[in-house]
Amino acid sequence: LDPKDLRPVGIGDVNFYQAWILRRKLQAWIEDNNFGVQIDDLTKLVSAFGSYVWKWNEAKEEVEPCDLRNIAFDPTTETIRESDVAEYHYLSDSEIREMDWKDVDKVIENAVKQDGTNKKEIWEFWGEVEKDKKFKYVHQIGAGYGDKEIIAFEEDSDPEDSPYYDFHLDEYKGTWLRVGAYEKCFPEQERANTIVNENAQATSIASLLLLRSSDPNTQGNVLQEAISGQIITSSDLQQIGIDNRAFTILLKELEIIQTQVQKKLMLPDIATGDNMPSGTPFRGMAVMSNAYKSAFKQIRTRVASGIVDVMLERIMPTLVKTWNKGELLEIAEDASDIQLYDKAVETVVKMNVYGRANQ
């Protein structure tokens, strides 16, 4: 995915120019917030794990990736926006004191300390709680558990206000987490680990120095029991040659495993960057390239749809609410934008002239 593929479109003269202005503002926002890098990271993480989560930071007006190890919700839900969510943050005492929370000292006292660090566990909750025998959706931040639980911040909210957005590799099959590249390749990874470990053991054995002798006067472990510099008297003391004869078999099996992984992940040579076999016609390479692109079209569409939701619900409203007629737009970098601007000015002048003429 490329940020240039995500842009507003306007139908009609008025909406067209409004969309053009919004597109320029969006491009500036993307550059200022490194949104292109975040999209690249997102596609890699979704491909690797099968699913991933973004969180909208209202204070900074930007998206942030969520560490899946620090977030908890219903594992059977189809999308995270349909579930209560608890996220765990790890802050130092000084970081906690900087927050605009109540009873900060008590929060520091009751928060669970992480082993081996000076960090305290702070939980953030978005979901329904029971109060006065009624359930309501709230946003809470607190620390501690059970008798030591303390709420540092709370506000009434709505499920649509949830800042979490998820992205998935494929369709829902009973669990929120889809099957990513890692999970798909568990059998091949397990076998590769096994044969590599076996090869390491074989190499360790092959590195030993073993001696043999039929002389009855030579007894015990010569290497460990003999004193350095001692001359061993033996009529036929000889070294036993040991080598790792299965090494070539190891390389061949690893090559087979790699081929199986490429087939599972739909990665032909043209996709991995390897050279095609000698004599492969150009037309055949073009067909393979198109097939490779089509294979991942559905995945790109799924991820792009999720990004569009974030843009429509979070990013675009943020850009529009700061709309300022006196704001200057930097358009000198794009000649086509300058042409659009000139045309827009011409249209405005004509409308003004026609308006005065009708009056």
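Residues numbered from 1 in each chain as written. Predicted model: local features only at pLDDT ≥ 70, side-chain atom pairs only at ≥ 80, totals over all residues. Heavy atoms only, no water.

Observations regarding the nonpolar core
Note on soluble globular proteins: their nonpolar side chains tend to be buried together.
For step 1, the next point in the chain: Core analysis: the largest hydrophobic core is formed by 25 residues, its most contacted members being Phe-35, Leu-42, Trp-54, Phe-167, Ile-307 and Ile-315.
For step 2, the next point in the chain: Every element with two or more residues in this core is listed here: helix H1 (13-32), helix H2 (35-49), strand E1 (51-57), strand E9 (164-168) and helix H11 (297-321).
For step 3, the next point in the chain: With eight residues, the top contributor of residues to this core is H11.
For step 4, the next point in the chain: Setting aside chain neighbours within four positions, we find Phe-35 in contact with Trp-29, Ile-30, Trp-54, Val-63, Ile-307 and Ile-315.
For step 5, the next point in the chain: Judged by nonpolar contacts, the second largest core, of twelve residues, contains Leu-91, Ile-108, Ile-122 and Ile-141. (Core = buried A, V, L, I, M, F, W, Y, C linked by side-chain atoms within 4.5 Å. Buried < 20%, exposed > 50% of the residue type's maximum accessible area, 1.4 Å probe, protein only. Helix = DSSP H or I, 4+ residues; strand = E, 2+ residues; numbered from the N terminus. Contact = heavy atoms within 4.5 Å.)

Comments concerning the pairing of strand E2 (residues 62-65)
For step 1, the next point in the chain: In the sheet, E1 pairs with E2 via four bridges, with the strands oriented antiparallel. Within the sheet, the bridge partner assigned to Lys-55 lies in E2 and is Glu-64. (Pairing = 2+ DSSP bridges.)

Focus on the sheet that holds E1
For step 1, the next point in the chain: Strand order in this open sheet of three strands is E2-E1-E9, and the pairing throughout is antiparallel. Only two strands of the sheet have a single partner each, and these edge strands are E2 and E9. Adjacent strand axes in the sheet meet at a mean angle of 30°, parallel and antiparallel pairs treated alike.
For step 2, the next point in the chain: Along the sheet face, H11 touches E1, E2 and E9 and points at about 160° away from the line of E9. (Axes fitted to C-alpha atoms, helices over the stretch in contact; angles between N-to-C directions.)

Thoughts on unusual backbone geometry
For step 1, the next point in the chain: In this model, Glu-61 sits at a positive phi of 55°, which is unusual for a non-glycine residue.
For step 2, the next point in the chain: Considering the arrangement of structural elements, one finds Glu-61 in the loop between E1 and E2.
For step 3, the next point in the chain: Not every positive phi belongs to a glycine, and Asp-103 is a case in point at roughly 50°.
For step 4, the next point in the chain: Mapping Asp-103 onto the fold places it in the loop between helix H3 (93-97) and helix H4 (104-110).

Thoughts on the environment of Thr-77
For step 1, the next point in the chain: Note on placement: Thr-77 falls in the loop between strand E3 (71-73) and strand E4 (85-91).
For step 2, the next point in the chain: Its relative accessible area of 7% is what places Thr-77 among the buried residues.
For step 3, the next point in the chain: Look past the residues within four positions of Thr-77 in its chain and what remains in contact with it is Glu-82, Ser-83, Tyr-172, Thr-175 and Trp-176.

Observations concerning helix H8 (residues 247-264)
For step 1, the next point in the chain: An ideal rise of 1.5 Å per residue puts 26 Å on 18 residues; H8 measures up with 26 Å between its terminal C-alpha atoms.
For step 2, the next point in the chain: Looking at H8, one finds that the buried residues are Leu-250, Ile-257 and Gln-262. Down the axis of H8, the buried side of the element spans an arc of 140°, and every buried residue falls inside it. Turned more than 90 degrees away from the buried face of H8 sit Thr-248, Ile-249, Lys-252 and Lys-263, all of them exposed.
For step 3, the next point in the chain: At the C-terminal side of H8, Met-266 shows a positive phi close to 55°. (Expected span 1.5 Å × (residues − 1). Arc of directions from axis to C-beta.)

Observations regarding a negative patch on the surface
For step 1, the next point in the chain: Together, Asp-2, Asp-5, Asp-40 and Asp-41 give the surface a local cluster of negative charge.
For step 2, the next point in the chain: Counting through the fold element by element, Asp-5 comes out in the segment before H1.
For step 3, the next point in the chain: On the accessibility criterion, Asp-5 (59% relative accessible area) is exposed. (Patch = residues over 30% accessible without salt bridge, like charges linked within 9 Å, V, L, I, M, F, W, Y side chains within 5 Å. Areas by Shrake-Rupley, 256 points an atom, 1.4 Å probe, with all protein chains shown as cover. Salt bridge = Lys/Arg side-chain N within 4 Å of Asp/Glu carboxyl O. Lys, Arg positive; Asp, Glu negative; His and termini not counted. Charge placed at Lys NZ, Arg CZ, Asp CG, Glu CD.)

Considerations on the packing of aromatic side chains
For step 1, the next point in the chain: By the definition in use, this model includes five aromatic pairs.
For step 2, the next point in the chain: Relative to Tyr-182, the ring of Phe-49 has its centre 5.5 Å away and its plane inclined at 75°; by these criteria the two rings are edge-to-face. Taken together, the residues span a long stretch of sequence, with Phe-49 in helix H2 and Tyr-182 in helix H5 (residues 181-184) at a distance of 133 residues.
For step 3, the next point in the chain: The exposure class of Phe-49 is partly exposed, given its relative accessible area of 37%.
For step 4, the next point in the chain: On the basis of relative accessible area, Tyr-182 is assigned to the exposed category, the value being 51%.
For step 5, the next point in the chain: Here the aromatic residues Trp-29, Phe-35, Trp-54 and Phe-167 are joined through ring pairs into a cluster of three or more.
For step 6, the next point in the chain: Just above the ring of Tyr-165 sits the side chain of Arg-81; from NZ or CZ to the centre is 4.2 Å. (Phe/Tyr/Trp six-rings, centres within 6.5 Å; stacked < 30°, edge-to-face > 60°. Lys NZ or Arg CZ within 6 Å of the ring centre and 35° of its normal.)

This is a description of form; function is not addressed.
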